[in-house]
Amino acid sequence: MVARPRVREPHHRDGPRQRPRRRSRLHQGRRQRRSFWHGQTEMALRGLLHAAAIDDAGIAQLYRWGLEPASAIEAVTILNRSTVAAEGWGDTLDGIVRMDGRTRDAIWAGVRSALSALADPAVRKAFDPPPGEELDPATFIRDRGTIYLLGTGAGASATSSFIAALLEDIPSLPSLMADGGGTGITTRVVIQSLAQARDKWGEQAAAAMWDAATLRVILGGSAQPRDLQDLAAVCGERDEEIRNWSRGADGGRTISTSTRRLPILPPDVIRTLPFGTGVLLARTAPPILLNMTPWTDRPDADKIRHSIDRTSRL
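Just so you know, these numbers come straight off a predicted model, no measurement behind them.

### Notes on the overall build of the chain
Along the chain, the regular secondary structure elements total 14 helices and 5 strands. Residue pairs at least 24 apart in sequence account for 53% of intrachain contacts in the chain once pairs closer than 6 positions are excluded. Accessible area for the chain stands at about 23,600 Å²; split by element, carbon and sulfur atoms hold 52% of it.

Put into structure tokens, the structure is as follows:
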């Protein structure tokens, strides 16, 4: 008989109670590393944007600086020689450019990712308008101008970095609708149905968006029974008088009246609203029936058509 050696499991000084602590320290270390890379990338982008603004270099130059650290040395020179540059920003960018190769390349990967949308020449052209069409912040604020941010769900992630340059903090859409009015931000949301909002943001957030909207325009075509019933309930009810005639034994006729409550806009009426007709729910006002004008019949239809053609060529 051959004796088999016994294999013992390695003994750990920490038991099951210690393992969650090890995992917690591991996650904390990962968060700290992510915070470091994020901070360094932010400082590099800040310096590049500042240098491009001082030198009036244009968006193409900014994109070239973001491709590799060696090209960013030009931005460092601009910041260090300028008398209007923020103090220390040139030295900070220079320190990042001259870091250890692996560290610097990891930081610059974040820079390239943030500026990746500029790889498309059409995007660079849109961000570098011809003279006379650029945005002058001083004039814009003095004239109390309005910025319109238009986008789709698919393009939101690609442009989030540039939108972040306009807004200090980009909240979620439900929060923006709830708090944006107090900060002068007007949000217009166009959705196919309330079910689409519930699928995107969840039941509670979709309900919060609906409550936060001061104006709600309802169009026909919805096929969701639940939403149609809810809309009919929101529109309210009306009284309908019912008259009944009856004849007594003596031949006399008696008229009696009663009242019943009916929805102002039943679900089937909302669903079959004709094209060009909508229902406006404005704050505490009763439902308002709208006869909307197609954009093709507007006085500025030619300008709109020209704008659509120009945008489609981008």
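### Section: the packing of aromatic side chains
Under the counting rule described, the total for this entry stands at 0 aromatic pairs. One residue, R46, lies across the ring of W89, its end atom 4.4 Å from the ring centre.

### With respect to the sheet that holds strand 1 (residues 215-219)
A sheet is described by the order of its strands in space; here 3 strands give the open sequence 1-4-5, paired in antiparallel fashion. With one partner strand each, in any of the chains shown, strand 1 and strand 5 (288-291) form the two edges of the open sheet. Neighbouring strand axes in the sheet, compared pairwise and without regard to direction, differ in orientation by 30 degrees on average. Of the strand pairs in this sheet, strand 1 and strand 4 (residues 277-282) are connected by 5 bridges, and their pairing is antiparallel. The residue of strand 4 that forms the bridge with L219 is G278.

### Quick look at the layout of surface pockets
Any empty space left between the atoms is revealed when a probe the size of a water molecule rolls over them. One number sums up the size of the second largest pocket: a volume of about 1,500 Å³. The wall of the second largest pocket is formed by 38 residues, among which V189, V190, L215, R216 and V217 lie closest to the centre. Looking at the lining of the second largest pocket, the elements with two or more residues in it are helix 9 (173-179), helix 10 (194-201), helix 11 (203-212), strand 1 and helix 12 (225-235). Top element by residues in the lining of the second largest pocket is strand 1. It accounts for 5 residues.

### Here's the deal with the pairing of strand 5
Note: strand 4 against strand 5, 4 bridges, orientation antiparallel. When the sheet's bridge partners are listed, V279 is paired in strand 5 with L289. Where strand 4 folds back onto strand 5 in an antiparallel hairpin, the turn is made up of 5 residues, including R283, whose phi is positive at roughly 50 degrees.

### Side note on a negative patch on the surface
On the surface, a cluster of negative charge is contributed by D55, D56, D128, E133, E134 and D136. Along the chain, D55 falls in helix 1 (residues 19-55).

### Details of the side chain of R198
With respect to the helices and strands, R198 occurs in helix 10. Once residues within four sequence positions are removed from consideration, R198 is found in contact with E203, A206, R226 and D227.

### Notes on the pattern of salt bridges
A full pass over the atoms with the stated rule returns 11 salt bridges. Between R261 and E237 there is a salt bridge; the shortest N-O distance is 3.4 Å. Residue R261 is found in strand 3 (residues 253-263), and its partner E237 is found in strand 2 (residues 237-247); the two are separated by 24 residues along the sequence. The class of E237 is partly exposed, set by a relative accessible area of 46%. In this structure, E240 engages R260 in a salt bridge whose closest nitrogen and oxygen atoms are separated by 2.6 Å. Here R260 lies in strand 3 and E240 lies in strand 2, a separation of 20 residues in the sequence.

### Re the nonpolar core
Among the nonpolar cores identified, the biggest contains 24 residues, and L48, L62, W65, L93, W108 and V111 are the most heavily contacted of them. Residue assignment for this core shows that the elements contributing at least two residues are helix 1, helix 2 (59-67), helix 3 (73-81), helix 4 (89-97) and helix 5 (101-114). Considering each element in turn, this core owes the most residues, 5 residues, to helix 1. Other than its neighbours up to four places away in sequence, W108 contacts A44, L48, W65, G66, L67, E68, P69, A72, L93, I96 and V97.

### Here we look at helix 4
Within helix 4, the full set of buried residues consists of G90, L93, I96 and V97. The buried side chains of helix 4 occupy one side of the element, clustering within an arc of 125 degrees when seen end-on.

### Topic: unusual backbone geometry
Phi at D56 takes a positive value of approximately 55 degrees, unusual for a residue other than glycine. As for its placement among the helices and strands, D56 is situated in the loop between helix 1 and helix 2. Judged by relative accessible area, which is 68%, D56 ranks as exposed. One non-glycine residue with positive phi stands out, namely R283, at about 50 degrees. Take R283: its relative accessible area is 68%, and that puts it in the exposed class.

Criteria and thresholds
- Residues numbered from 1 in each chain as written.
- Predicted model: local features only at pLDDT ≥ 70, side-chain atom pairs only at ≥ 80, totals over all residues.
- Heavy atoms only, no water.
- Helix = DSSP H or I, 4+ residues; strand = E, 2+ residues; numbered from the N terminus.
- Contact = heavy atoms within 4.5 Å.
- Areas by Shrake-Rupley, 256 points an atom, 1.4 Å probe, with all protein chains shown as cover.
- Phe/Tyr/Trp six-rings, centres within 6.5 Å; stacked < 30°, edge-to-face > 60°.
- Lys NZ or Arg CZ within 6 Å of the ring centre and 35° of its normal.
- Pairing = 2+ DSSP bridges.
- Axes fitted to C-alpha atoms, helices over the stretch in contact; angles between N-to-C directions.
- 1 Å grid on protein atoms, 1.4 Å probe; cavity = no way out; pocket = protein on both sides within 12 Å on 5 of 7 lines; lining within 4 Å.
- Points joined across faces, edges and corners; volume = space filled by probe spheres on them.
- Patch = residues over 30% accessible without salt bridge, like charges linked within 9 Å, V, L, I, M, F, W, Y side chains within 5 Å.
- Salt bridge = Lys/Arg side-chain N within 4 Å of Asp/Glu carboxyl O.
- Lys, Arg positive; Asp, Glu negative; His and termini not counted.
- Charge placed at Lys NZ, Arg CZ, Asp CG, Glu CD.
- Buried < 20%, exposed > 50% of the residue type's maximum accessible area, 1.4 Å probe, protein only.
- Core = buried A, V, L, I, M, F, W, Y, C linked by side-chain atoms within 4.5 Å.
- Arc of directions from axis to C-beta.

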